[in-house]
Amino acid sequence: MSDRIYNFSPGPAVMPEEVIKKTQPALWNLNGSGIGLMECSHRGADFLAIYKEAEATARKLAGIPDDYAVLFLQGGASLQFTMVPMNFLTKDGTADYLVTGAWSQKAVKEAKLFGKVNPVCSSENENFSYIPAIDTFRWSSAPAYAHFTSNNTIFGTQFRTEPVPPAGVPLVVDASSDIFSRPIDVTKYGLIYAGAQKNLGPSGVTLVIVRKDWVAKANPGLPTMLQYKTHMENESMYNTPPTTGIFVLNEVLKWIDGQGGLGAMNQKNQDKARPLYEFLDNSKFFRGTARPDSRSLMNVCFRAPTEAQESDFIKQATKRGLNGLKGHRSVGGMRASIYNAFPKKGVDELVTFMKEFERANQ
Ligand SMILES: *Cc1c(COP(=O)(O)O)cnc(C)c1O
């Protein structure tokens, strides 16, 4: 009998159990070196091998070509909201932003500190419950780049495919909550970033994949630590990188590879979310909040008829070992975050409980 429960937390989130088990002995003694993971130098052979393997595994999984740099930074996705415009937007320039949720809005807020922002589209009119249709997109004539959020963690919506900006415009994505949950064509992007704590590992590491020739054109007059160039030229080791986080991230990447890679991961995620959405579609009590064509495979948001029933549902679920189901305060209701590492069995148990709750409360 496991002493662990089902963790539906939006992030930091559930990790593959195998990864935690492989991390435990390394914390005490890494590779028989007699030194624990947290205690070893980032310039030593043991850590450098981990670093190289993490980069190589990321490249293998997502087919990242050599003309892209793979960086492991700090500051979370939130610092990327700032670093992207700081490096690539000038005062008289315009950046195009697709506004599909709270995280996109935070990215826009930072970009406005450095230049002009053109909102390409927005779903704010319906509390971000959908991904706007392509025919509503209004690109500006020569944007410095185009930015979107591939999965809207708070509202439970997800782009089916990446938007296509005008030719030659670098596409930037905040993929924090769906990175490596499905195949991604890296060549369509100028820059991809993701905080690790949803699909890739612990908080404290940010994965950045960026086209090298674009970095070469970035604003050179910035503080050293805020230039992509610094991190690219020093292989993320200009300063001390988050070594423990990179170790765990490497184990997660190897775990994804062992699951069959991104295509297999996508299939598993589809199979995992389907029974929950099917139940929501047929329920006369619960209802999903995202428009069916925009639903996320990572964060499933739903509501019950009254707020009192919702808080009762969350309380009872927690008692049964179904934890972290409370929705974000801006949407209310419930949210089941079912990232790569979340087991299908946990979703099935949630659906069973929802059926029981519906019967008892109708
Ligand atoms: C969680 C999240 C963020 C914030 O990430 P931090 O690493 O905490 O800065 C940004 N964007 C999306 C889509 C997220 O899900």
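In this report, we go over the structure that sits alongside the text. Small disclaimer: the values here were computed from a predicted structure and weren't measured. (Residues numbered from 1 in each chain as written. Predicted model: local features only at pLDDT ≥ 70, side-chain atom pairs only at ≥ 80, totals over all residues. Heavy atoms only, no water.)

### A short note on the nonpolar core
This is how it is decided: As used here, the term nonpolar core means buried Ala, Val, Leu, Ile, Met, Phe, Trp, Tyr and Cys residues forming a set that is joined through side-chain atoms within 4.5 Å. Buried residues are those whose accessible area, probed at 1.4 Å on protein chains only, stays under 20% of the maximum for their type, while exposed residues exceed 50% and partly exposed ones sit between those limits. In this text, helices come from DSSP runs of H or I with a minimum length of four residues, and strands from runs of E with a minimum of two, each type numbered from the N-terminal end. In what follows, a contact means two residues having at least one pair of non-hydrogen atoms within 4.5 Å.
One finds Phe 72 and Phe 180 to be the most contacted residues of the largest nonpolar core, which totals 51 residues. With 8 residues, the top contributor of residues to this core is helix H7 (residues 243-258). In this view, Phe 180 contacts Ala 58, Leu 61, Ala 62, Leu 200, Leu 207, Ile 209, Leu 253, Ile 256, Leu 262, Met 265 and Asn 340; residues no more than four positions away in its chain are not counted. Leu 325, Met 334, Ala 336 and Val 347 belong to the second largest nonpolar core, which has 33 residues in total.

### Examining the site of the ligand
Heads up, the condition is: To be near a molecule or strand, a residue needs just one of its heavy atoms within 4 Å of it. Whenever a nitrogen or oxygen atom comes within 3.5 Å of another N or O atom, the pair is scored as a polar contact, on the condition that within protein one atom can donate a hydrogen and the other can accept it, and that pairs from neighbouring residues in sequence are kept only if both atoms are in side chains. Residues were grouped as follows: Ala, Val, Leu, Ile, Met, Phe, Trp, Tyr, Cys and Pro as nonpolar; Asp, Glu, Lys and Arg as charged; and all remaining residues, including Gly, as polar.
For the ligand, the set of nearby residues contains 13 residues, the closest of which are Ser 78, Thr 153, Asp 174, Gln 197 and Lys 198. In this structure, an oxygen atom belonging to the ligand sits 2.7 Å away from a side-chain N or O atom of Lys 198. When residues of the shell around the ligand are assigned to their parent elements, the largest contribution, 4 residues, is made by helix H3 (residues 76-88). Split by residue class, the shell around the ligand holds 3 nonpolar, 8 polar and 2 charged.

### Digging into the packing of aromatic side chains
For the record, the criterion: Aromatic rings from Phe, Tyr and Trp, with only the six-membered ring used for Trp, were paired whenever their centres fell within 6.5 Å, and each pair was classed as stacked if the ring planes differed by under 30 degrees, edge-to-face if by over 60, and tilted otherwise.
Throughout the structure, instances matching the rule amount to 24 aromatic pairs. Seen from their ring centres, Tyr 97 and Tyr 145 are 5.8 Å apart, and the 70° between their planes marks the pair as edge-to-face. One end of the pair, Tyr 97, is in strand S3 (residues 94-99); the other, Tyr 145, is in the loop between strand S4 (116-122) and strand S5 (146-149), with 48 residues separating them in the sequence. Like Tyr 97, the residue Tyr 145 is buried in the burial classification. Judged by centre distance (5.2 Å) and plane angle (85°), the ring pair of Phe 313 and Phe 357 falls under edge-to-face. Here Phe 357 lies in helix H10 (residues 344-361) and Phe 313 lies in helix H9 (residues 307-319), a separation of 44 residues in the sequence. Three or more aromatic residues link up through ring pairs in this structure, and these residues are Phe 279, Phe 285, Phe 286, Phe 302, Phe 313, Phe 353 and Phe 357.

### Thoughts on the sheet that holds S4
In plain terms, the rule: Strands pair, by our definition, only if DSSP identifies at least two bridges between them. Lines fitted to C-alpha atoms define the axes here, with helix axes fitted over just the stretch in contact, and angles between the N-to-C directions of these axes take values from 0 to 180 degrees.
An order of S2-S10-S9-S8-S5-S3-S4 is seen for the 7 strands of this open sheet, with the pairing classed as mixed. Each edge of the sheet is formed by a strand with only one pairing partner; in this case those strands are strand S2 (68-73) and S4. Direction aside, neighbouring strands of the sheet carry axes that sit 15° apart on average. Where strand S8 (residues 171-174) lies against strand S9 (residues 191-195), 3 bridges are found, and the strand directions are parallel. When the bridges of S9 are listed, Asp 174 appears paired with Tyr 193.

### So, the packing of helix H1 (residues 17-28) against H7
So the rule is basically this: Crossing handedness follows the turn of the near helix against the far one: under a right angle anticlockwise gives a left-handed crossing, and clockwise gives a right-handed one.
The interhelical angle for the contact between H1 and H7, taken along N-to-C directions, is 145°, at an axis separation of 10 Å. Relative to H7, H1 is oriented so that their crossing is right-handed. In contact with Glu 18, Val 19, Lys 22, Thr 23, Ala 26 and Leu 27 of H1, H7 contributes Thr 244, Phe 247, Val 248, Glu 251, Val 252, Lys 254 and Trp 255. Of the residues contributing to the contact of H1 with H7, the split by class is 7 nonpolar, 2 polar and 4 charged.

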